[in-house]
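# Geometric and topological summary
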Amino acid sequence: MLARIYSCSIIGLETAIVEVEVDTGQGLPAMIIVGLPDTAVQESRERVQMAIKNAGMIYPRKRITVNLAPASVKKEGPAYDLPIALAVLVATEQIPQAAFSNSLVVGELSLDGGVRHVRGILPMAAAARQLGFTRMFVPEADAAEAALIPDLEIIPVRTILDLISHVKGENPISPYPQVEISEIQVEVQTDFQEIKGQEHAKRALEIAAAGGHNVLMSGPPGTGKTLLARALPAILPRMTIDEALDVTRIYSIADKLPRDVPLVRSRPFRAPHHTISHAGLVGGGNTPHPGEISLAHRGVLFLDELPEFGMRVLEVLRQPLEDKIVTISRAQGSLTFPANFQLVAAMNPCPCGNYGDPVKACTCSPSTITKYQKRISGPLLDRIDIFIEVPRIDYEKLSDKRQGEPSEVVRNRVEAARQIQRERFKEDGLSCNADMRPAEIRKYCILDETGTNLMRTAMQQFQLSARAYHRILKLARTIADLAGSPNIQTAHLAEALQYRHRNLLN
Ligand SMILES: Nc1ncnc2c1ncn2[C@@H]1O[C@H](COP(=O)(O)OP(=O)(O)O)[C@@H](O)[C@H]1O
Ligand SMILES: [Mg+2]
């Protein structure tokens with residue numbers, strides 16, 4: 001008989017239901033797989049045959065045709081092993097077709113019949129539910145991840161033999177209990193209160209967190225730039241459940257989800273090294289994987305030692321910084337991954353690191369310093385709203401035993417400011433002040449007369465560009481929101497002016 005089992009393909013973040021059809025006929029014993037399978041799918045033949053035999057079932061000595069439909073969807077990876085094996089058993093009437101009605105099946109087989117983990121289970125389960133499937137057979141290792149999706153019965157499968165006795169009713173497998181997603185807790189890696197001194201930098205990071213602004217820190221080595229960056233996620237607003245699921249989807253596809261924790265609860269913090277490849281940063285590869293910028297989605301992308309990243313690397317950040325997505329072109333057509341991250345960069349002010357330091361002398365020539373700073377491209381700087389100088393601090397401050405403010409307290413202020421922004425942008429489709437375009441800036445960043453005068457003077461005195469002008473207004477808006485003030489007051493504007501780029505191109 002013709003057997004049909006439903007499975008799921010995944011390319012990028014896109015899922016598509018795949019029908020695995022198996023028919024047996026006369027001819028030399030062989031298995032033929034048609035329907036745009038890649039080499040990993042072709043290799044299923046061996047695994048399916050061995051797994052069926054080792055489960056004590058009969059592998060037919062017939063011509064077996066496996067059709068993966070629709071043929072237009074490319075089938076990648078080993079996740080079709082289990083559905084193919086089951087379809088062979090249904091086609092040879094060793095197990096009933098009815099056991100798989102309304103069901104989706106995914107899983108890789110090992111030769112002994114074990115069912116192995118596959119990546120991308122969460123988006124597959126979400127697709128299954130959306131398309132009206134009521135049950136999903138998944139590798140046992142992936143059951144907790146699939147069970148994040150409500151209203152879908154998840155059957156965890158350890159071996160094909162277990163599954164066979166389940167469908168025959170001999171030894172039913174109990175469905176995996178649905179994973180309740182309660183309130184999202186933040187795991188604090190680096191707490192703000194561990195950072196001594198640097199009040200100016202901490203304040204700037206609070207503003208960055210409150211308005212979603214990108215940040216560049218500059219200062220001599222050892223002043224705590226890396227430490228400050230690592231402390232940012234703990235003051236960012238907690239993720240909503242939808243955001244957490246959104247991030248988890250990406251980690252599921254990247255195969256970076258910790259086995260025992262199916263849901264990413266903390267905002268990601270990604271710190272790629274400057275030697276990272278293009279594909280590693282933006283994503284790509286034969287079976288397209290998300291890059292660091294997508295792994296940083298809804299979290300922080302930290303580029304430490306920014307000038308060490310090549311010009312070309314920094315250039316590719318342009319589109320994602322603008323559009324919050326990244327487009328990857330490949331032979332089979334382009335695909336997109338989300339890449340809505342907050343950029344935090346750090347650099348020394350010059351190659352030796354001491355330029356501008358009152359204590360240690362800088363040994364770099366002026367032309368070396370200019371060349372070093374020019375390594376950061378203009379388009380990237382355009383997307384950075386806050387420039388923080390992180391100076392050396394003296395021993396008294398560093399050895400101060402008093403604790404600073406814990407991250408949680410700062411985060412509460414940040415969340416209150418974000419709430420104001422959510423209300424403000426209800427109809428604009430934006431999520432935070434950093435996303436404002438000139439139209440919204442005109443609408444929401446209105447200055448009084450004193451503010452207008454201050455801004456005019458600053459523009460002339462510091463020779464600010466139109467872009468810098470917009471950046472300062474957005475920041476002033478965030479500072480006002482942190483203060484709970486409906487209007488931008490002169491003090492807010494004056495503070496915003498402090499975070500402009502001083503040495504770098506404006
Ligand atoms: N303000 C500070 N408070 C507490 N520890 C600090 C501070 N500044 C630096 N440190 C410590 O000094 C070390 C170097 O800091 P780091 O953040 O790597 O500096 P940078 O990135 O500026 O070179 C770290 O181990 C960090 O814990
Ligand atoms: Mg550092």
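Residues numbered from 1 in each chain as written. Chains lettered and ligands numbered in written order. Predicted model: local features only at pLDDT ≥ 70, side-chain atom pairs only at ≥ 80, totals over all residues. Heavy atoms only, no water.

## Remarks on the layout of surface pockets
Quantified by volume, the largest pocket comes out at close to 1,100 Å³. If you trace the largest pocket, you find 42 residues lining it, with Gly212, Lys324, Cys432, Ala434 and Asp435 closest to the centre. Going through the elements one at a time, helix 13 (318-323), helix 15 (378-382), helix 17 (407-424), helix 18 (438-444) and helix 20 (466-482) are the ones with two or more residues in the lining of the largest pocket. A per-class count over the lining of the largest pocket returns 14 nonpolar, nine polar and 19 charged. In this structure, the second largest pocket is lined by 20 residues; those nearest its centre are Glu187, Gln189, Val264, Ser266 and Arg267. (1 Å grid on protein atoms, 1.4 Å probe; cavity = no way out; pocket = protein on both sides within 12 Å on 5 of 7 lines; lining within 4 Å. Points joined across faces, edges and corners; volume = space filled by probe spheres on them. Helix = DSSP H or I, 4+ residues; strand = E, 2+ residues; numbered from the N terminus. Nonpolar A, V, L, I, M, F, W, Y, C, P; charged D, E, K, R; others polar.)

## Focus on the site of ligand 1
Lys196, Gly222, Lys225, Thr226 and Leu227 are the nearest of the 14 residues found near ligand 1. The separation between an oxygen atom of ligand 1 and a polar main-chain atom of Leu227 is 2.9 Å. A total of 550 Å² of accessible area belongs to ligand 1 in isolation, and the protein chains cover 65% of it. Looking at which element gives the most residues to the shell around ligand 1, the answer is helix 8 (residues 225-231), with three residues. For the shell around ligand 1, the class distribution of residues is six nonpolar, five polar and three charged. (Near = heavy atom within 4 Å. Polar contact = N/O pair within 3.5 Å; in protein donor to acceptor, adjacent residues only side chain to side chain. Areas by Shrake-Rupley, 256 points an atom, 1.4 Å probe, with all protein chains shown as cover.)

## Quick notes on the sheet that holds strand 18 (residues 386-389)
Pairing is parallel across the open sheet formed by five strands, whose spatial order is 11-14-17-10-18. Edge positions in the sheet fall to strand 11 (269-270) and strand 18, since each has one partner strand and no second. (Pairing = 2+ DSSP bridges.)

## Overview of the UniProt feature "domain: AAA+ ATPase" (unreviewed entry) in the protein
Residues given the UniProt feature "domain: AAA+ ATPase" (unreviewed entry) here are residues 211-394. Here residues 211-394 runs as 30% helix and 17% strand, with 31 Å between its end C-alpha atoms. (UniProt positions renumbered as here; feature names shortened; annotations may be inferred.)

## Some details on the pattern of salt bridges
Counted according to the given criterion, the structure contains 28 salt bridges. Note that Glu76 is salt-bridged to Lys74, the shortest N-O span being 3.5 Å. Judged by its relative accessible area of 10%, Glu76 falls in the buried class. Among the residues examined, Lys74 registers a relative accessible area of 23% and is labelled partly exposed. Here Arg392 ties to Asp357 by a salt bridge, and the two come within 2.7 Å at their closest N and O atoms. (Salt bridge = Lys/Arg side-chain N within 4 Å of Asp/Glu carboxyl O. Buried < 20%, exposed > 50% of the residue type's maximum accessible area, 1.4 Å probe, protein only.)

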